[in-house]
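Here is how the chains run, residue by residue.
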Amino acid sequence: MRVLFIEVDTERDWAVASIGPGFLAAYLRANGHEVAFFRATIEMTDADVVARARAEAPQLIGLSLTTRQWLRARSIVAAFDRELPDIPVVAGGLHPTFAPEEVLAAPGFDYVCLGEGEGPLLDLVTRLAAGKKVGLLTPIANIWTKGGTKPTLRAPFEPIDQLPFVARDLLDEHPGLVHMTTQRGCPFPCTYCAARMYNELYDDAGGEYGRRRSHDSVLAELRGLRDRGLLSYVIFLDDTFTIHHPWVREFCRVYGDEYRTPFSLHARVETVSDRLLPVLAKAGASMVTYGVESGSERIRREVMQRPVTNQRFRDVFRWTKEAGILITANFMIGLPGETRDDLQMTLDLAEELGTDYGLYDFGYFVFYPYPGTHLFKLCVERGYLPGGYEEMPANHRASILKLDTITPDDIAEFYDRFTALRRKLYAHRAGKTEHVDSSALHG
Ligand code: B12
Ligand code: SF4
């Protein structure tokens with residue numbers, strides 16, 4: 001069967017397309033199916049996307065959707081419904097997983113995949129290829145059919161090493177700039193995070209969502225790329241690369257000996273130490289992204305479930321700088337319970353880390369409550385979400401919430417002050433030309 005994956009770009013073209021379809025495509029190919037891919041760039045109208053999809057002659061269309069991508073995807077799929085009604089559409093990823101009823105209610109969406117997609121999508125494709133129906137009487141675990149009831153969930157894929165390497169032709173990478181994932185799942189409980197909700201989803205299904213590939217598997221994938229001359233910089237996309245130090249140390253030992261190709265990673269300050277950072281640096285780590293999120297310890301503790309002190313950020317940033325690794329960080333403003341004082345603390349901490357503790361660059365985002373998260377539920381319960389919020393884009397630059405402690409104007413003011421601070425930081429290090437990869441600065 002021929003499955004077409006479409007990457008739905010939102011405000012600008014992303015350097016890398018969704019990783020999920022990259023894995024799904026590899027799995028389908030390994031099982032004898034054909035895949036195609038294209039990017040619905042922002043210039044394309046819905047009619048353009050329809051024309052391109054028609055030309056690809058798929059038998060199934062698959063979309064991977066974050067909440068940010070949802071509104072545009074809905075419009076595109078409505079056009080499919082009118083123009084290509086015979087081609088079924090399946091959606092997966094975070095938004096369909098945590099807002100499945102909303103997705104299935106929209107015209108043109110036939111199936112939603114809940115959670116991890118390899119096994120469920122293969123089952124769906126096999127069933128459709130054989131001309132069989134999928135529905136109430138013939139359910140597939142994880143696949144929710146339009147008009148059907150919520151499916152059961154199968155346990156996460158094990159052993160994870162048996163998944164084929166991601167289909168890189170679907171990622172749209174710049175040659176040599178390699179995006180890698182070594183793990184799935186994150187053990188931390190951040191209340192704003194959609195990614196970690198997969199862990200909770202699977203609590204009910206049995207099985208642990210958190211899994212990490214073996215060194216052999218990761219190194220073999222890198223070796224294959226190097227041998228084809230395609231390895232000049234590695235971006236580890238794992239939510240927290242530095243979980244489980246024995247894994248990280250052994251990885252650094254082998255990677256450092258064999259590759260020493262520069263790489264970037266994401267980490268939480270609780271998961272690094274003054275001993276681990278030099279090990280990472282020696283292996284080739286050139287940049288690390290930390291989530292700071294708030295400068296208010298109260299907000300981090302009471303609202304975000306991130307009970308770490310500001311002093312820990314200062315220490316870890318200093319150690320990272322001393323190890324010779326560039327630091328980027330992400331900040332968030334506009335959370336429930338925040339006051340203007342909290343916003344000021346966040347701005348102050350960003351400035352302090354930038355001026356005195358080696359922060360090289362940062363991203364700053366206005367909080368948007370993602371379906372499925374704890375903060376989404378809190379916003380619903382407290383009436384912070386306005387009527388019709390589903391139609392408002394998740395753009396991270398302006399707040400859609402009606403909070404009782406700060407106004408949208410307060411948030412907009414601090415957003416502008418973050419913009420000014422970032423400009424100041426750039427001016428501060430003007431003349432330097434180091435490369436910062438775009439994935440490091442997303443929220
Ligand atoms: C790498 C990454 C990026 C990359 C690539 C994007 C991508 N989607 O892969 C880049 C830098 C482009 C990016 C950008 C952004 N990102 Co980002 N990103 C990630 C990150 C760290 C890893 C994704 C990944 O590698 N997943 C690994 C694969 C294997 O897992 P998966 O995507 O879940 O896919 C599996 C299943 O979901 C399912 N599945 C997925 N798609 C499909 C499709 C079909 C048809 C089926 C059947 C199944 C299926 O099967 C897959 C394989 O098992 C995640 C965090 C995370 N852990 O997901 C955040 C995350 C996805 N990003 C997020 C955000 C907010 C953004 C930005 C909005 C940032 C910003 N503020 O501007 C942008 C928006 C991008 C967009 N177009 O909407 C949020 C999304 C929250 C939400 N509910 O929408 C996340 C969850 C981070 C977070 N903690 O909140 N991101
Ligand atoms: S924000 Fe980062 S550390 Fe927190 S749960 Fe999500 S992925 Fe894990």
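What you see is a predicted model, and the numbers here were worked out from it, not measured in a lab.

Moving on, we get to unusual backbone geometry. With an omega of -15°, the peptide bond between Glu158 and Pro159 qualifies as cis. Along the chain, Pro159 turns up in the loop between strand S6 (143-145) and strand S7 (177-180). If you check the backbone angles, Asn142 has positive phi at about 80° while not being a glycine. Note that Asn142 resides in the loop between helix H6 (118-129) and S6.

Next up on the list: the site of ligand 1. Close to ligand 1 lie 39 residues; Gly20, Gly62, Ser64, Gly92 and Gly117 are nearest. The set of elements that each furnish at least two residues to the shell around ligand 1 consists of helix H1 (19-30), strand S3 (60-64), helix H3 (67-83), strand S4 (89-92), helix H4 (94-98) and H6. A per-element tally of the shell around ligand 1 places H1 first, with 5 residues. Counting residues domain by domain, the shell around ligand 1 receives three or more from each of domain 1 (2-145) and domain 2 (173-441).

Quick look at the sheet that holds strand S2 (residues 34-40) now. Strand pairing in a sheet is mediated by backbone hydrogen bonds. Such pairs are either parallel or antiparallel. The strand order across the open sheet formed by 6 strands is S2-S1-S3-S4-S5-S6, and the pairing between neighbours is mixed. Each having just a single partner strand, S2 and S6 make up the two edges of the open sheet. Put simply, the sheet's adjacent strands are angled 25° from each other on average, direction ignored. H1 contacts strand S1 (2-8), S2, S3 and S4 of the sheet and is inclined by roughly 145° relative to S3.

We now examine the environment of Leu378. Relative to the elements of secondary structure, Leu378 occurs in helix H14 (residues 374-381). The class of Leu378 is partly exposed, set by 16 C-beta atoms lying within 10 Å. Here the alpha-carbon distance between Leu378 and Leu24, two residues 354 residues apart in the chain, equals 33 Å.

Moving on: the packing of helix H13 (residues 340-356) against helix H15 (residues 408-428). Where H13 contacts H15, the two axes come as close as 11 Å, and the packing angle between them is 5°. By the angle class used here, H13 and H15 are roughly parallel. Side by side, H13 and H15 meet where Arg340, Leu343, Leu347, Ala350, Glu351 and Gly354 of the first sit next to Asp410, Phe414, Arg417, Phe418, Leu421 and Leu425 of the second. Counted by class, the contact of H13 with H15 contains 7 nonpolar, 1 polar and 4 charged residues.

Each packed pair of helices is defined by two parameters, the angle between the axes and the distance between the axes. Where helix H9 (residues 245-258) contacts helix H10 (residues 276-283), the axes come no closer than 8 Å and their chain directions differ by 30°. One way to sum up the angle between H9 and H10 is to call them roughly parallel. The interaxial crossing formed by H9 with H10 has left-handed handedness. Taking contact as the criterion, the partners of His245, Val248, Arg249, Cys252, Tyr255 and Gly256 in H9 are, on H10, Leu276, Val279, Leu280, Lys282 and Ala283. Looking at the contact of H9 with H10 residue by residue, the class counts come to 7 nonpolar, 2 polar and 2 charged.

Attention now moves to the domain arrangement of the protein. Annotation of the protein at the domain level lists domain 1 (2-145) and domain 2 (173-441). Domain 1 and domain 2 are separated by 28 Å when their C-alpha centres are compared. Domain 1 puts 13 residues into the contact, and the matching count from domain 2 is 17 residues. Where the side of domain 1 that touches domain 2 is concerned, the elements lending two or more residues are H3 and H4. Top contributing element to the side of domain 1 that touches domain 2 by residue count: H4, with 4 residues. Class assignment of the residues belonging to the side of domain 1 that touches domain 2 gives a composition of 7 nonpolar, 4 polar and 2 charged.

Moving on to the environment of Arg74. Secondary-structure assignment places Arg74 in helix H3. Each C-alpha atom, one on Arg74 and one on Arg429, is 43 Å from the other, the two residues being 355 residues apart in sequence.

Conventions used here
Residues numbered from 1 in each chain as written. Chains lettered and ligands numbered in written order. Predicted model: local features only at pLDDT ≥ 70, side-chain atom pairs only at ≥ 80, totals over all residues. Helix = DSSP H or I, 4+ residues; strand = E, 2+ residues; numbered from the N terminus. Near = placed C-beta within 6 Å. Domains from an automatic or database assignment. Pairing = 2+ DSSP bridges. Axes fitted to C-alpha atoms, helices over the stretch in contact; angles between N-to-C directions. Contact = placed C-beta atoms within 7 Å. Buried ≥ 20, exposed ≤ 12 C-beta atoms within 10 Å, placed from the backbone. Parallel < 35°, antiparallel > 145°, perpendicular 65-115°, else oblique. Nonpolar A, V, L, I, M, F, W, Y, C, P; charged D, E, K, R; others polar. Left-handed = near helix turned anticlockwise from the far one by under 90°.

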